[in-house]
Amino acid sequence: MNLEPLVAGKPPDPELFMLMADSVQDYAIFLLDPSGKVATWNTGARFIKQYERAEIIGKHFSIFYTEEDTQRGWPAHELKLAGQTGRFEDEGWRVRKDGSRFWANVIITPLVNDQGELLAFSKITRDLTERKRQEETLSQSEERFRLLVDGVQDYAIYMLDPDGIVTSWNSGANRIKGYKSHEIIGQHFSKFYSLEDAAQGKPEAELAMARAHGRAEDEGWRIRKNGGRFWARVVVTALYDSNGGLRGFAKVTQDLTQRKHAEAMEFARHNINEFIAILAHELRNPLAPIRSAVQLMMTAKQSDNANIVKIIDRQSAQLMRIVDDILD
């Protein structure tokens, strides 16, 4: 092949185009005749599809397709669409010579002359198997994570958009808050707050705190779908993309109502014990003089009893006031 160097502004030698196409290794670049038979074959096509030039020239390009696609007439459909629209692009599984499959990006372009006569089709195929594998791995990982989150029953785990609109809902959120996913997705999360807290802007303040510090944590009363209250521990985490843009918030809510009731009962028990101790002390004070007075009456002369009676009367009145305070 005797080629001249390319000069800007001068039409290139057609053989130079052939050399360029044949030298590409990352793309299979070849021509099909109007019926779909392979007419040319470059290095990239040999590398990707494993066929040598002599093995594939003259074969119908449907040999690169899976049996399922061939049976449904997909290769012919691709050529038909390319001829109708001037270009066809697709991604799907293709088959190598050894029978292994690879994920391919395919572009088919009809080549026509000035009279509109179809001369051939150019076909460019790129092997995207590694990208497909990474996408499937990511998809499987996301699906496993989704199943993990959705299976959590003890925590309400859900997402909010930057404006506080609920965008996801797990089974724990359903159990704790009482809403089905279709009832709450698209609603503002302020529905979970009391009217007083919502009016005071507490939901918005939580999001502002998460934006400013990355997370916000709180405990307080929240509202279920049926209007009942529960004591919640809430953690809100701001989520940012790689460019620092706010994508939304992750919100985790734990129902601590039983713990709150236990704390209230412990507080009440402590108050009762303290009250009983104070009461015993207050009752003991007037009882001691009364007991002493009774003992004196048993030994004193009749003339001394009047003073003793006064002591008993005064201390009895004190006991009455203590009892009245208890009743109040």
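Residues numbered from 1 in each chain as written. Predicted model: local features only at pLDDT ≥ 70, side-chain atom pairs only at ≥ 80, totals over all residues. Heavy atoms only, no water.

(A) Expanded view of the side chain of Asn42. Summarising the element assignment, Asn42 is placed in the loop between strand E1 (27–32) and helix H2 (43–49). A distance of 2.8 Å separates a polar atom in the side chain of Asn42 from the backbone nitrogen of Ala45. (Helix = DSSP H or I, 4+ residues; strand = E, 2+ residues; numbered from the N terminus. Polar contact = N/O pair within 3.5 Å; in protein donor to acceptor, adjacent residues only side chain to side chain.)

(B) View of the sheet that holds strand E4 (residues 118–127). Taken in spatial order, the 4 strands of this open sheet run E1-E4-E3-E2, and their pairing is antiparallel. Looking at which strands have only one partner, the edges of the open sheet turn out to be E1 and strand E2 (88–95). Pairs of neighbouring strands in the sheet enclose a mean axial angle of 25°, with direction left out of account. Note that E2 and strand E3 (residues 101–112) share 8 bridges and pair antiparallel. (Pairing = 2+ DSSP bridges. Axes fitted to C-alpha atoms, helices over the stretch in contact; angles between N-to-C directions.)

(C) Region of interest: the pattern of salt bridges. For the coordinates displayed, the defined rule picks out 16 salt bridges. Note that Lys202 and Asp218 form a salt bridge whose closest N and O atoms lie 3.3 Å from each other. Note that Lys202 is positioned in helix H10 (residues 202–213) and Asp218 in strand E6 (residues 215–223), a separation of 16 residues in sequence. Look at Lys202 and you get partly exposed, because its relative accessible area is 25%. A salt bridge links Arg224 to Asp255; its shortest N-O distance comes to 3.1 Å. Linking Arg224 in the loop between E6 and strand E7 (229–240) with Asp255 in strand E8 (residues 246–255), this pair joins segments that are 31 residues apart in sequence. (Salt bridge = Lys/Arg side-chain N within 4 Å of Asp/Glu carboxyl O. Buried < 20%, exposed > 50% of the residue type's maximum accessible area, 1.4 Å probe, protein only.)

(D) Structural context of the sheet that holds E6. Taken in spatial order, the 4 strands of this open sheet run E5-E8-E7-E6, and their pairing is antiparallel. Each end of this open sheet is capped by a strand with a single partner; those strands are strand E5 (155–160) and E6. Each neighbouring strand pair of the sheet contributes to a mean axis angle of 25°, computed without reference to strand direction. Bridge count for E6 against E7 is 9 bridges, and the pairing is antiparallel. The residue bridging Glu219 from the neighbouring strand is Arg233, located in E7. The strands that H10 touches are E5, E6, E7 and E8; relative to E6, the one it contacts most, it runs at about 165°. (Contact = heavy atoms within 4.5 Å.)

(E) Looking closely at the pairing of E7. The turn joining E6 and E7, which pair antiparallel and follow one another in sequence, is formed by 5 residues; a positive phi near 90° is taken by Gly227. Here 9 bridges tie E7 to E8, and the two strands are oriented antiparallel to one another. What sits directly across from Val236, in E8, is Lys251. Counted between consecutive antiparallel strands, the loop separating E7 from E8 contains 5 residues, among which Gly244 sits at a positive phi close to 85°.

(F) Summary view of H10. The end-to-end C-alpha separation of H10 is 16 Å, in line with the 16 Å expected for 12 residues at 1.5 Å each. Looking at H10, one finds that the buried residues are Pro203, Glu206, Leu207 and Ala210. Down the axis of H10, the buried side of the element spans an arc of 95°, and every buried residue falls inside it. Exposed and facing more than 90 degrees away from the buried side of H10 are Ala212 and His213. Contact partners of the buried residues in H10: E5, helix H9 (195–199), E6, E7 and E8. (Expected span 1.5 Å × (residues − 1). Arc of directions from axis to C-beta.)

(G) Region of the structure containing the environment of Gly214. One can find Gly214 in the loop between H10 and E6. The contact partners of Gly214, leaving out residues within four places of it in the chain, are Met209, Val236, Thr237 and Ala238.

(H) Representation of the packing of aromatic side chains within the structure. Here the structure, examined in full by the defined rule, presents 13 aromatic pairs. Their ring planes at 50° and their centres at 5.1 Å tell us that Phe30 and Trp41 sit as a pair that is tilted. Taken as a pair, Phe30 in strand E1 and Trp41 in the loop between E1 and H2 lie far apart in primary sequence, 11 residues in all. Between Trp93 and Trp103, the aromatic rings sit 5.0 Å apart at their centres with planes inclined by 80°, giving edge-to-face as the arrangement. Of this pair, Trp93 sits in strand E2 while Trp103 sits in strand E3, and the two are 10 residues apart along the sequence. Owing to a relative accessible area of 25%, Trp93 belongs among the partly exposed residues under this scheme. The class of Trp103 is buried, set by a relative accessible area of 12%. Members of the aromatic cluster, connected to one another through ring pairs, are Phe30, Trp41, Tyr51 and Phe64. The ring of Trp221 has Arg229 sitting right over it, with the charged end atom 4.2 Å from the ring centre. (Phe/Tyr/Trp six-rings, centres within 6.5 Å; stacked < 30°, edge-to-face > 60°. Lys NZ or Arg CZ within 6 Å of the ring centre and 35° of its normal.)

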